[in-house]
Amino acid sequence: AAAANAVIDEMEAEGRRTLQLEKGVAELARWLQFHNIPTALVTRNSAITVEHFHQHLWEPAGLPRFEPAISRDDEGVLPKPNPDA
């Protein structure tokens, strides 16, 4: 399991190095904020990647951090939707 996790971590690190905002996403986020529409970030990525996203892409675009921002590292959060939901 440790070797598999190391591969996943390296793949995610590569993703952080190439991560960029899609065209129009900052404008959409500003529109949602202007209209007081709540937002959140839910991802299977790590908390390190969520922090990187906020620090290097989201905040430099003048946008507030997502709250909540839930990653795979958050305890008590199941890794997939409940089939009964």
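The coordinates are above.
Caption draft 1: Up close: the packing of aromatic side chains. All chains considered together, the criterion is met by three aromatic pairs. Centroid distance Phe53 to Phe66: 6.3 Å. Interplanar angle 25 degrees. Geometry classified as stacked. Here Phe53 is found in helix H3 (residues 47-58), whereas its partner Phe66 is found in the loop between H3 and strand S2 (69-70), with 13 residues between them in sequence. Taking the centre distance of 4.9 Å and the plane angle of 25 degrees together, the rings of Trp58 and Phe66 count as stacked. The rings of Phe53, Trp58 and Phe66 are connected pair by pair, giving a single aromatic cluster.

Caption draft 2: Quick look at helix H1 (residues 2-18). The end-to-end C-alpha distance of H1 is 25 Å, a good match for the 24 Å that 17 residues give at a rise of 1.5 Å each. Contacts from the buried residues of H1 go to H3.

Reading the values: rules and limits
Residues numbered from 1 in each chain as written. Predicted model: local features only at pLDDT ≥ 70, side-chain atom pairs only at ≥ 80, totals over all residues. Heavy atoms only, no water. Phe/Tyr/Trp six-rings, centres within 6.5 Å; stacked < 30°, edge-to-face > 60°. Helix = DSSP H or I, 4+ residues; strand = E, 2+ residues; numbered from the N terminus. Expected span 1.5 Å × (residues − 1). Contact = heavy atoms within 4.5 Å.

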